[in-house]
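The primary structure of each chain is shown beneath.
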Amino acid sequence: MPKRHVRKPARPSQDFSSRTKGSFKRFLMSFSPRNFRSYWLSRDGAKRVAKLAGAGLLFVFLVFLWFAKDLPTPGKINARVTAQTTKFYDSTGNKLIYELYGDQNRSIVAFDQIPAVAKQATIAIEDKDFYRHGSFSFVGYLRAAFVDLTKGRRQGGSTITQQYVKNALLDPTDRSISRKIKELILSIEIGQFYSKNDILTLYLNEIPYGNRAYGIESACKTFFPQDIDKADRDQHCAKNLTLSQSALLASILNAPSYFSPFGAHQPQLIDRQHIVLDLMAEQKYVTQAEADAAKWKVADLSDAAKISQIQNLYANLDPRLAHFVLYAQDYLESKYGTSTVTEGGLNVRTTLDYDKQIAAYDAIQNNMKNVRSLGGSNAALVSTDPKSGHILAMIGSQNFNDPVGGQVNVATAQRQPGSSFKPIVYSTLFGKNKDAACAKTRDCPTYGPGTTIYDVPTNFGTDATPYKPQNFGNKNYGIITVRQALAGSLNVPAVKALAMAGISSSLQTAQALGISTLNKPASEYGLSLVLGTGGVQLNEMANAYESFANGGLHYEQTPILLLKDQKGNILEDNTKPKKPKQALSSEVAGLMADVLSDTSAKQYVFGDSLSLRNVCSNNRATGCVHAGVKTGTTEHFNDAWTMGFTPDVVGGVWVGNNDNSPMSGAAANIAAPIWRTFMNAVQNGTPNDAFAKPSTIKTITLDKTTGRSVSAGTKNSTVDIFPSWYTPMGSFGGKSAQVDKVSGLLATECTPELAKNTVYSSAILPEITKTENPSQFQNWLVALQRAGYSTSGGDLPSGTDNVHHCDDVKPVVAIAGATGGGPYSFNVKVTSGTFTSNKLEVYFDDQIISTQVIDGSGSYPVSYSPTTTGSHTFKAVVTDAGLYQGSDDQAVTVTNIGGSASSFKGVFPADGAVVGSGPINFAWSVDPGAGSYSLYVDDILKATTSGIAKSVSGISTGDHIWYIRSDIGGETTHLSFTK
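Below is a summary of the structure that appears in this document.

Cut-offs and rules
Numbering of residues starts from 1 in each chain and follows the order in which that chain's sequence is written. Reporting in this predicted model follows two pLDDT cut-offs: at least 70 for local features of residues, and 80 or more for side-chain atom pairs to be given and counted; totals over whole chains, interfaces and linings ignore these cut-offs and use all residues. To get the side-chain values, take all heavy atoms of the structure and skip hydrogens and water. Helix numbering and strand numbering both begin at the N terminus, where a helix is a DSSP run of H or I of at least 4 residues and a strand a DSSP run of E of at least 2. Here a residue-residue contact requires only that any non-hydrogen atoms of the pair lie within 4.5 Å. Whenever two N or O atoms come within 3.5 Å, that pair is a polar contact, provided that in protein one can donate a hydrogen and the other can accept it, and provided that, for residues adjacent in sequence, both atoms are side-chain atoms. Note on disulfides: each one is a pair of cysteine sulfur atoms within 2.5 Å. With a 1.4 Å probe rolled over the protein chains alone, any residue whose accessible area is under 20% of its type maximum counts as buried; one over 50% counts as exposed, and the rest are partly exposed. Working definition of a nonpolar core: buried Ala, Val, Leu, Ile, Met, Phe, Trp, Tyr and Cys residues. They are joined through side-chain atoms within 4.5 Å. Any two strands between which DSSP finds at least two bridges are classified as paired. Geometry is summarised by axes, namely lines fitted to C-alpha atoms with helices restricted to the contacting stretch, and by angles between N-to-C directions that run from 0 to 180 degrees. The arc under discussion is defined with respect to the helix axis, by the directions toward the C-beta atoms.

## With respect to the environment of S850
Line of reasoning, step 1. Following the sequence through the fold, S850 ends up in strand 26 (residues 847-853).
Line of reasoning, step 2. Counting along the chain gives 14 residues from S850 to Y864, while the straight-line C-alpha distance between them is 8.8 Å.
Line of reasoning, step 3. In contact with S850, not counting residues within four places along its chain, are L840, E841, V842 and V862.
Line of reasoning, step 4. A distance of 3.4 Å separates the side chain of S850 from the side chain of Q852, its partner in a polar contact.

The following block contains the structure:
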C-alpha cells in the first residue's frame, strides 16, 4: 500500500514587528501599502502614535514658551508699540513731500457708550462668529497662510481678537511667520483674560478708520461731526451713531484709505455699506426692511460740516501734490495694511517727478479760466513713463482744498472717455487675423491705416430700433482711409471699425493695456463703446497709451520706486522696470503711433489746435518733436479728454464737472490747451526720436475708391503703411464713370462737382462681408446706394447729363445783420438761380449751427449764442435742386458769451485788472435794467442785488474770476482780476 502524504498545516503568520528587526526600519516600512494596517493597528503602532503626539505637543509648548517670553502682558493694554512716522519722497529720494503721522487722534469710549448697531455692523462684516468661536479661526488662519505663501499677497483671515492683538500689542509692520505665531499666542491669552464684550470694546477703540482716526469715537467725530452732542461736556459722538452711519464705519475697516468718505471711491464705499446692511439682516440683527431703509446714496455723504474737518486732516499736505501722495498711500495700504503704512515708519521713495508735477498743476491753473468759460469746473492730469509704467505726475482735481469735491481724485474715478477710446478699437482692427490660419481675403480680412472706409450715413441698428451715429458737425466725408477717419475722429467710420474688429476682441485689447473697468461680458456693450460710453479711469488710460509709444509693451503701473521699512529692509524695489508683457504687436503699436502723430492728417478737422511747439508733421520728419495725440468728448459734453504721448512721456487730461453736468465746448477747445501747456513745458520744443517703426511694416498703394489693388484704370490712389500680414484684394475688374446724381446720366464738364459721383458696373463690397453679419451688410448696402454707388452690377449709363448746362445761374446767398459781440440774431438772404434753392446751412467756424429746408428765394432768420470769445466766422451755404451751391462769409468778434442781450456785460473790474486793498466795487451794465443779479467770485456766490453795482469785502489777495448771473436769464463773460 503506497505511503500516504499528509499536507502539513500552514504556520501562523508572524506579525510585522517580529518579521522586521529594528525599530526604525520597521517604522519606515510601515508606510508601504502591504504593512500599513498591520503596523499602525498593532501595539507597536499605538505606542508610536502616542510618542509622536507627545513630541508634537511638547514642540508646540516649547514654541509657545519661546515666543511668549518676550511678549507684552495682555493685562497691560497700554503697552503699545510706538507709532513711527512714514515719510514720502519724490523720485530723487531727496525731496520730502509728505510725512504721515499715525496715532494722533484717539478717544476711548466704554462698551455701553457704543450703540448696539455699531457693534453688530462690525461683527457682521468682520467676524460673524465672534461670540461663538474662540480667539482665532483655525480655518481662516490656514486659508490666509495658504494665500500668503502661494499667491504672494496679503489675505485677511483674522478674527476680531487677532486684529486687535496685531494693532495694539505687536509691531504692525512685521509680516513674518514669527509675528503670526506671537499673534496666535496673544490671542489665546487675551481670550483668557477678557470677556468677549471687553475684547470688542478694546477693538472698537483701537482699530484705524483712516484719515488719522483711530477708534470708533474718533471716526465718528471725523466723519459725522454734526452728531456730537453739544450739551455733553465730554463731546461724545459714537453713542449717537445711527444704523446707516454704523454700517458705513464698518465698511471702512477693510481698506480705510480706499473707502474714505472723503476720497474718490465713494460709490464703492456706498456699495459696501449696502453689503454690511444686508449681512446684518441675514444675521438677524435687523430686518431687511430696516436694512434697506438705512442704505445711503453717494449724495448722502455730502455735508458742509465736513469742510473744516477735511482742511484740518490735510493741513500738512501740499495741495499741489495731495492726490498723488494719497494715491500712493492708498496703494501701499492695499498691499501692506493700514497700520503698517500709518504707524510703521516706512521710507517711501515715490515715482513722482516733482518738476512735472508742478508743471501739471500750473497747466491746469493757467487754463481754468477757459475751462470755466465753457461750462467746466474741474480738471485732472496724469503723466506716466512709457518705459517703466511709473506715474510721474497726478493732479486729481484743480483745487484740492475746494470743500465741495476737491478731495475727489478724478484721475482714479470712472468717466466716459469719448473718442479717446477709438485708438484701442483701431489697434484691435489692425491686429485682426494676424495669426489666423486662413487666406487673407474678404472672408478673412486684414486692415491698416490705408484701408478704405466709407463715411456715409449708416443705420447700425434696425428699422424698429435704429442706431445712426453722427460725426461732430453732422458732416460726412464719403470715401476716406482709416488714417483720415481716426485722425479726424470721425464717429461713423469708428463704429464700423468696432463692428469689424469685434466688441469682445476690443475689450480684450483694453484689458491687456491695463484698463480694468471694462470687465462686463461683451454682450452688455454695444457699438457705441468705440465712442467712449464705457467708464474708464484717467490713470489707466494713460497706462494704456504707453503701449502706443513704446512698441506695444505694457508695464504694470506703480507710484512706488523704492520702499523700505523702519529698519532699512527693502520691501519693494521698482528702480529697475519690471519685465513688461507684449500687449500689442510691435507693428500695431508702430502703426498707431504713426497715425496719431500725423499732424497733417488732422488738419482737415482740428487745424493746429493739437500741435505742440516744433511738432513734426509726421513720423518720418526729423529735427522736431514727435508726439501723438487723441481727443475725446462725450455726446452731451459731460467729459472732455486729451490723451497724448512722446517716446518718453505720456500725458492725459480730463475736464468736466464732478456732478457730471454738461459743458458747452468740445475737447479741442477745453482739454487740449491744458495738455498742450503741460507737454510743451515738459518737451520745451526739444527734438526727440521718432516712434519705433518695425522693418516688417510695408508700404502699399491702393485704389482709394475701392480699397483694392491698383489697376490700369485707377484714377484715385492712396499710399500708406500696413502690417506685414496685410493682403490687399485684387484689382477691381469692373468699369467706372462719373455719373450725374440729378439726371442719372454720365457727367459732363458742365455738371457741378457736388452732383458728380463715381459709379461702377459691379458691386462695391462694404467693409464687412455678408457672411459675417447679414443684417449689417444690408444696412451698409442701402447706405452705399443712397450715396450714389451701384451695388447690383449692370452696365453704366450711355447718355450724358441733359439737366445741367454751362450757362446755368448759381444761387446767391448773403449774411445780413451779424454784428456786435453776441449773442447774434441775423438774416440770410437767398436768391435762386436756374434751379430752386432748397437747402440752407449756416456754420459758426466749422460747426453747423443751422440747417433749413427752404423753398426758393427769401430771407431766412438765424440765431446763435457763441460759447467762446474772440475772432470767429459765420458762413452760409445754399444748395439748389441742381446741386449748385453759393456761399457767403461774415467775420465777427465775440465779446459776450452769455445773456439774452449783447449789452449784458461786466464793467469793473475789467478782465486782467489789478485792484487795490479793501472792498471791491463790482459794476456791470444791462439793457433793459430789470430783475435781480447774483455776483459770483471764484464760482462762489458773494451777493444778490437788484442794482447793477455791489461793494464786496473780504476777498483775499491773489487771482480771481468774477461774473454776474441775471434771474431773468443770461450770464456775463467770466472776467479775471488780481487783488
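## Topic: the state of the cysteines
Line of reasoning, step 1. This model, assessed by the stated rule, comprises 3 disulfides.
Line of reasoning, step 2. Residue pairing for C750: its cysteine sulfur links by disulfide to C806, the two sulfurs lying 1.6 Å apart. Across the S-S bond linking C750 and C806, the dihedral sits near -65°, which makes this disulfide left-handed. Linking C750 in the loop between strand 21 (736-740) and strand 22 (756-760) with C806 in the loop between helix 27 (774-786) and strand 23 (812-816), this pair joins segments that are 56 residues apart in sequence.
Line of reasoning, step 3. On the basis of relative accessibility, which here comes to 17%, the residue C750 falls in the buried class.
Line of reasoning, step 4. Judged by relative accessible area, which is 56%, C806 ranks as exposed.

## Considerations on unusual backbone geometry
Line of reasoning, step 1. One non-glycine residue, F637, lies in the positive phi region at around 60°.
Line of reasoning, step 2. Secondary-structure assignment places F637 in the loop between strand 16 (628-633) and strand 17 (639-645).
Line of reasoning, step 3. Positive phi is not limited to glycine here, since N660 has a value of about 70°.
Line of reasoning, step 4. As for its placement among the helices and strands, N660 is situated in the loop between strand 18 (650-656) and helix 25 (667-670).
Line of reasoning, step 5. For N660, a relative accessible area of 39% gives the class partly exposed.

## A few points about the nonpolar core
Line of reasoning, step 1. Core analysis: the biggest nonpolar cluster contains 91 residues, and L332, Y426, I515 and F645 have the highest contact counts within it.
Line of reasoning, step 2. Looking at this core, the element that brings in the most residues is helix 15 (residues 322-336), giving 9 residues.
Line of reasoning, step 3. The contact partners of Y426, leaving out residues within four places of it in the chain, are V482, A485, L486, P493, A494, A497 and M592.
Line of reasoning, step 4. Counting 37 residues, the second largest nonpolar core, distinct from the first, contains Y164, I216, F224 and F262.

## A short note on the sheet that holds strand 32 (residues 920-925)
Line of reasoning, step 1. Pairing within the open sheet is antiparallel, and its 3 strands lie in the order 30-32-35. Two strands bound the open sheet, and with one partner strand each, they are strand 30 (905-908) and strand 35 (949-952). For this sheet, the mean angle separating the axes of adjacent strands, direction not counted, is 30°.
Line of reasoning, step 2. With 4 bridges joining them, strand 32 and strand 35 adopt antiparallel strand pairing. Counterpart to N921 in the pairing with strand 35 is S951.

## Observations regarding the sheet that holds strand 33 (residues 933-937)
Two pairing modes exist for strands in a sheet, parallel and antiparallel, and in both the strands are linked by backbone hydrogen bonds.
Line of reasoning, step 1. With respect to topology, 5 strands assemble into an open sheet ordered 31-37-36-33-34, the strand pairing being mixed. Where the open sheet ends on each side, the last strands, each with one partner, are strand 31 (913-914) and strand 34 (940-945).

## Some details on helix 24 (residues 599-606)
Line of reasoning, step 1. Considered for burial, the residues of helix 24 that qualify are T599, A601, K602 and F606. Viewed along the axis of helix 24, the buried residues span an arc of 145°, placing them on a single side of the element.
Line of reasoning, step 2. N-cap assignment for helix 24: the residue whose side-chain oxygen lies 3.2 Å from the backbone N of S600 is D598.
Line of reasoning, step 3. Once helix 24 ends, the next one or two residues include G607, with phi positive near 60°.

## Points about the side chain of N618
Line of reasoning, step 1. Within the secondary structure, N618 sits in the loop between helix 24 and strand 16.
Line of reasoning, step 2. In terms of polar contacts, N618 uses its side chain to reach the backbone amide nitrogen of A621, at 3.2 Å.
Line of reasoning, step 3. For N618, the contacting residues outside a window of four places in its chain are S597, D598 and H626.

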